[in-house]
Amino acid sequence: MNKKVRVRFAPSPTGGLHLGGVRTALFNYLFAKQHQGSFIIRIEDTDKTRFVDGAEKYIYNTLEWCGIKPDESPLIGGAFAPYKQSERKSLYKQYAEQLVKNGYAYYAFDTPEALEQKRKSVANFQYNQHTRMSMQNSLVLGAAETEKLLANNIPHVIRIKMPENEEITFTDMIRGEVFFNASLVDDKVLLKADAMPTYHLAVVVDDYLMQISHSFRGEEWLPSAPVHILLWKYLFGLENMPQWAHLPLILKPDGNGKLSKRDGDRLGFPVFAMDWKDPKTNEITIGFKERGFLPEAFVNMLAMLGWNDGTEQEIFSLHELIEKFSIERIHKAGAKFDYEKAKWYNHEWIKKLEVGDVRLKVKELLGDIANNYDDTFIDKVITLVKDRCTLLTDFVQQTSFFFKSPETIAIDVIQPKWNEQKKVFFTELIQQFESATIWNVTELENIFKETASSNQLKPGEVMLPLRIMLVGDKFGAGVFDIAALIGKNATISRIEYVLSII
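Nothing here was measured: the structure is a model prediction, and the numbers come from that model.

## Section: the packing of aromatic side chains
- For the coordinates displayed, the defined rule picks out 34 aromatic pairs.
- Judged by centre distance (5.2 Å) and plane angle (75°), the ring pair of Tyr58 and Trp276 falls under edge-to-face. In this pair, Tyr58 sits in helix H2 (residues 55-66) while Trp276 sits in strand E11 (residues 276-277), placing the two residues 218 residues apart along the sequence.
- Plain terms: the ring middles of Phe125 and Tyr127 are 6.5 Å apart, the flat faces sit at 65° to each other, and that makes the pair edge-to-face.
- Phe125 gets classed as buried once you look at its relative accessible area, which sits at 15%.
- Feature note: the residues Trp65, Phe269, Phe288, Phe293, Phe298, Phe337 and Tyr339 constitute an aromatic cluster, connected by ring pairs.
- The ring of Phe51 carries Lys48 above its face, with NZ or CZ at 5.6 Å from the centroid.
- Positioned over the ring face of Tyr345 is Lys341, at 5.6 Å from the centre of the ring.

Have a look at this one:
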């Protein structure tokens, strides 16, 4: 690959960043890093009607959490600044005017009201080669009238003039040869009445000026490809056009259509990387981070949605993904999103990480209840429960009873099989624990079994009640591991408490 690799992720700040957008950023990043190239963030904010306050910052925070670090961006700058299209406004008009001058585009003076009337009166109206000559544009009005309107600052847009029956083709890095007929594409607006470019013009001009070598974007942009190819041809020459790859969609779990925020709300799983708060409604959409996902697991899961390295390996670090990623291994078909599989990745990553790697996250989740305990104790707790946790939030349930007595006790689980014999057993167990000089897992288990035997009880008959006394319910690490760690006083006081209320 002779040309220096330069790729860009170019989101619009219109709301929370869907996981499909994060995957696009990830694939761009992996490709750039694998080829010692540059990964660029460019903010496409030319549509002010869709701009949402806070969305741009949310994009940066999401990518930072994922470990996807840009080489150039609006925040850190670079040789091709500015990296926000709204700050590049003065660049675009000259290219639009050049297209008009060369006969590839034209001025359109149709008012919004006139266009709306057309849409009402003509079914499936499109502004194209069949209708353009019945509209108010420079092709119809002629040079003199057009100049007069422009001189009087009459509001207008610039539209591309799509050719008739021209076959347009390009080679997609994922899909191979792709063909289009120009007649089926309408005359897209390139420059709006406020002199801001539409996506179609801006993406081509910016990719050229920023020397983008490869463009990876979602397959929903395929219908726009003919317009962009023609703009490259008309303005800069096809030899300068980046190589394109249109990524497959992330589909609903049933495979029927693109995954949306609405699907996540309906089915109870996140579709955003991090919590997103809508500034207009104050509605919070929960993210993978807040649901309890590690960034390593989230990135791993995203990479495997539509890609694999050709082996059975499923767990990849970001470094391994950079090493093994290849465009050729991206599937053409959409990838079904599976939340249970996403949780599986998280569980595997929690098991894989060292205790110290999750300690800070667990301490944040536990809050004040862990304040009086040192990291050595917390690490022991995490070691005991780590393999039981699928989400980071599971650590709260699985560890909180190590730091304080359980707030609720599942007495209803103990009572059906509770009797005087068991009460006597636990009373004696307290006495045996009080006199114990060694307090470790082996000694506690021996005391428990011997006391059960002397009371003609099987250990299994009293193991669950002991667990509920210590933990509050039917879950947790090994009972004697818990008792050994919380200590003699806490163990005895919890047993005594339950005996007093049962």
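Still more ground to cover, so stick around.
## Some thoughts on helix H20 (residues 459-471)
- Taking 1.5 Å as the rise per residue, H20 with 13 residues should run 18 Å; its terminal C-alpha atoms sit 18 Å apart, in good agreement.
- The set of residues buried in H20 consists of Val462, Pro465, Leu466, Arg467, Ile468, Met469, Leu470 and Val471.
- For H20, the elements touching its buried residues are helix H16 (394-403), helix H17 (411-414), helix H18 (420-435), helix H19 (441-454), helix H21 (479-486) and helix H22 (488-501).
- Positive phi appears at Gly472, one or two residues downstream of H20, with a value of about 105°.

## Digging into the pattern of salt bridges
- Using the criterion set out here, one finds 27 salt bridges in the structure.
- Of the charged contacts, one joins Asp187 and Arg132 as a salt bridge, the two residues approaching to 2.8 Å between their closest N and O atoms. Taken as a pair, Asp187 in the loop between strand E6 (176-181) and strand E7 (189-191) and Arg132 in the loop between helix H4 (112-121) and helix H5 (138-141) lie far apart in primary sequence, 55 residues in all. Across the pair, exposure class does not vary: Asp187 and Arg132 are buried alike.
- Measuring nitrogen to oxygen at the nearest pair gives 3.8 Å for the salt bridge that ties Arg359 to Asp375. Placement of the pair is Arg359 in helix H14 (residues 355-366) and Asp375 in helix H15 (residues 375-385), with a sequence separation of 16 residues.
- Overall, Asp375 belongs to the partly exposed group, its relative accessible area being 31%.

## What about the sheet that holds strand E3 (residues 105-108)?
- Within the open sheet, the three strands sit side by side as E3-E4-E7. Their pairing is antiparallel. In this open sheet, the two strands that pair with only one neighbour each are E3 and E7. Geometrically, the sheet is characterised by an average inter-axis angle of 40° between neighbouring strands, direction not taken into account.
- Examined bridge by bridge, strand E4 (residues 157-160) and E7 share two bridges and lie antiparallel to one another. Within the sheet, the bridge partner assigned to Ile158 lies in E7 and is Leu191.

## Section: the pairing of strand E1 (residues 6-9)
- Neither face of E1 is exposed, since Arg6 and Arg8 on one face and Val7 and Phe9 on the opposite face are all buried.
- Note that E1 and strand E2 (residues 38-41) share four bridges and pair parallel. Paired with Arg8 across the strands is Ile40, a residue of E2.
- For the handedness criterion, the β-α-β arrangement of E1, helix H1 (residues 19-34) and E2 is classed as right-handed.

## Observations concerning the side chain of Arg88
- The topology assignment puts Arg88 in the loop between H2 and helix H3 (89-101).
- Separated by 2.8 Å, the side chain of Arg88 and the backbone oxygen of Pro82 make a polar contact.
- Apart from residues no more than four positions distant in its own chain, Arg88 is found in contact with Phe80, Ala81, Pro82, Asp206, Leu209 and Met210.

## Re the pairing of E6
- Direction of pairing for strand E5 (residues 167-172) relative to E6: antiparallel, over a ladder of six bridges. Looking across to E6, one finds that Thr171 is bridged to Glu177.
- In this structure, the hairpin formed by E5 and E6 is closed by a connection of three residues.

Cut-offs used in this document
- Residues numbered from 1 in each chain as written.
- Predicted model: local features only at pLDDT ≥ 70, side-chain atom pairs only at ≥ 80, totals over all residues.
- Heavy atoms only, no water.
- Phe/Tyr/Trp six-rings, centres within 6.5 Å; stacked < 30°, edge-to-face > 60°.
- Helix = DSSP H or I, 4+ residues; strand = E, 2+ residues; numbered from the N terminus.
- Buried < 20%, exposed > 50% of the residue type's maximum accessible area, 1.4 Å probe, protein only.
- Lys NZ or Arg CZ within 6 Å of the ring centre and 35° of its normal.
- Expected span 1.5 Å × (residues − 1).
- Contact = heavy atoms within 4.5 Å.
- Salt bridge = Lys/Arg side-chain N within 4 Å of Asp/Glu carboxyl O.
- Pairing = 2+ DSSP bridges.
- Axes fitted to C-alpha atoms, helices over the stretch in contact; angles between N-to-C directions.
- Right-handed = clockwise from strand over helix to strand, strands pointing away.
- Polar contact = N/O pair within 3.5 Å; in protein donor to acceptor, adjacent residues only side chain to side chain.

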